[in-house]
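# A look at the structure
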Amino acid sequence: MRFSVTIFPGSNCDHDCEYVLRDVEKQQVEMIWHKETDLKKPDCVVIPGGFSYGDYLRTGAIARFSPVMKSVADFAAKGGLVIGICNGFQILCEAGLLPGALLRNKNLKFICQNVYLRVEETNTPFTNFCKPHQVLKIPIAHGEGNYFIDSDGLKKIQDNRQIMLRYCDANGKITPESNPNGSLENIAGVCNLNRNVFGLMPHPDRSGEDILGSHDGTFIWQSILSAKVGAR
């Protein structure tokens, strides 16, 4: 498959994504500067983590206006796969490609640690390689990962089964103690109605090899490779 990884001023996980996709998963990767509009005919677009535009206004709020995001929105509208990781998740929410918003962590501190995640849905291009309620160990690193959506929006994403990942304990139990940032309903990742756009706060790009302490991010990448769909 061909992946296009966007780069914004302040991206810091762009090359993490490039490495895991090119050197670990052995896929083609194109790096796309935020001022470009040509996505280079990808099967999947990756919006990586970091601090786009320094988070000076609000996380993802400025990046949504970059020229590349119009191309990403058009690509997604045609059915192309888009995954946003951490800051990428925030950008997708700001751009209206995903529901909800990411707020400051409940403890108002930056959190960097491994967490456990329960896979809630497996009938998506991003989780089809997983088993129902499989527990993944993947790291987080963010200050604004507190997912929020209003009550009507929550009911909608619940009814449409758009909640993909929830924070849990090592046994897969959803508890307040396993929620690192105060996210509503322990939500760690959601998709859009058409299931071709996915945002998650944990970093599968930082958990692709055992030397990193976990290779569970591979389940996300292998799901995308297994899906074999895209828009060019």
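Structural data are supplied above this passage.
These lines cover the structure that appears in this document, whether it is placed above or below.

Within the protein chain, the secondary structure is distributed over five helices and eleven strands. Compactness check: the protein chain gives a C-alpha radius of gyration of 16 Å against a globular reference of 17 Å for 232 residues, within 12% of the reference. In terms of principal-axis extent, the alpha carbons of the protein chain reach across some 45 × 35 × 35 Å. For the protein chain, the residues scored as buried account for 57% of the 232 residues in total. Of all intrachain contacts in the protein chain linking residues separated by at least 6 positions in sequence, the fraction that spans at least 24 positions is 77%.

A full pass over the atoms with the stated rule returns one cavity of 30 Å³ or more. Counted as a void, the largest cavity has a volume near 30 Å³. A breakdown of the residues in the lining of the largest cavity according to their chemical character gives six nonpolar, two polar and two charged.

Looking now at the sheet that holds strand 7 (residues 135-142). Taken together, the nine strands give an open sheet; going across it, the order is 2-1-3-4-11-10-9-6-7, and neighbouring strands pair in mixed fashion. Looking at strand neighbours, the two that pair on one side only are strand 2 (28-33) and strand 7, the edges of this open sheet. Put simply, the sheet's adjacent strands are angled 25 degrees from each other on average, direction ignored. Bridge count between strand 6 (residues 111-119) and strand 9 (residues 163-168): four bridges; the pairing is antiparallel. Across the sheet, Tyr116 pairs through a bridge with Cys168, a residue of strand 9. Seen against the sheet, helix 3 (residues 87-94) touches strand 3 (44-47), strand 4 (81-85), strand 10 (187-191) and strand 11 (197-200) and runs at an angle of roughly 120 degrees to strand 4.

Below, the discussion takes up the packing of aromatic side chains. Going through the model one piece at a time under the given rule, you end up with three aromatic pairs. Relative to Phe219, the ring of Phe129 has its centre 6.2 Å away and its plane inclined at 50 degrees; by these criteria the two rings are tilted. Taken together, the residues span a long stretch of sequence, with Phe129 in the loop between strand 6 and strand 7 and Phe219 in helix 5 (residues 218-227) at a distance of 90 residues.

This part takes up unusual backbone geometry. Even without glycine at this site, Tyr53 takes up a positive phi of about 55 degrees. Within the secondary structure, Tyr53 sits in the loop between strand 3 and helix 2 (67-77).

We now examine the pattern of salt bridges. Under the defined criterion, the tally for this structure stands at eleven salt bridges. Glu30 is the partner of Arg2 in a salt bridge, and the nearest nitrogen-oxygen pair spans 3.5 Å. With Arg2 in strand 1 (residues 2-7) and Glu30 in strand 2, this residue pair connects regions lying 28 residues apart in the sequence. A relative accessible area of 27% means that Glu30 is categorised as partly exposed. Here Arg166 ties to Glu185 by a salt bridge, and the two come within 3.9 Å at their closest N and O atoms. You can see Arg166 sitting in strand 9 and its partner Glu185 sitting in the loop between strand 9 and strand 10, a full 19 residues away along the chain. A residue is classified by how much of its surface remains accessible, and Arg166, at 13% relative accessible area, is buried. Several salt bridges converge on common partners, so that one network encompasses Arg118, Glu120, Arg166 and Glu185.

Together, Tyr56, Leu57 and Ile62 make up a nonpolar patch on the protein surface, roughly 380 Å² of accessible area in all. Considering the arrangement of structural elements, one finds Leu57 in the loop between strand 3 and helix 2. Leu57 sits in the exposed class, given a relative accessible area of 60%.

Considering the arrangement of structural elements, one finds Gly60 in the loop between strand 3 and helix 2. When its relative accessible area of 1% is taken as the criterion, Gly60 is described as buried. On a C-alpha basis, the gap between Gly60 and Gly50 in space is 9.9 Å, while along the polypeptide they are ten residues apart.

The buried count for strand 7 comes to six of eight residues, which makes it a mostly enclosed element. Pairing geometry for strand 6 and strand 7, over eight bridges, is antiparallel. Bridge pairing in strand 7 links Gln113 to Ile140.

Criteria and cut-off values
Residues numbered from 1 in each chain as written. Predicted model: local features only at pLDDT ≥ 70, side-chain atom pairs only at ≥ 80, totals over all residues. Heavy atoms only, no water. Helix = DSSP H or I, 4+ residues; strand = E, 2+ residues; numbered from the N terminus. Rg over C-alpha atoms; globule rule 2.2 N^0.38 Å. Buried < 20%, exposed > 50% of the residue type's maximum accessible area, 1.4 Å probe, protein only. Contact = heavy atoms within 4.5 Å. 1 Å grid on protein atoms, 1.4 Å probe; cavity = no way out; pocket = protein on both sides within 12 Å on 5 of 7 lines; lining within 4 Å. Points joined across faces, edges and corners; volume = space filled by probe spheres on them. Nonpolar A, V, L, I, M, F, W, Y, C, P; charged D, E, K, R; others polar. Pairing = 2+ DSSP bridges. Axes fitted to C-alpha atoms, helices over the stretch in contact; angles between N-to-C directions. Phe/Tyr/Trp six-rings, centres within 6.5 Å; stacked < 30°, edge-to-face > 60°. Salt bridge = Lys/Arg side-chain N within 4 Å of Asp/Glu carboxyl O. Patch = residues over 30% accessible without salt bridge, like charges linked within 9 Å, V, L, I, M, F, W, Y side chains within 5 Å. Areas by Shrake-Rupley, 256 points an atom, 1.4 Å probe, with all protein chains shown as cover.

By themselves, these observations are geometric and do not establish any function.
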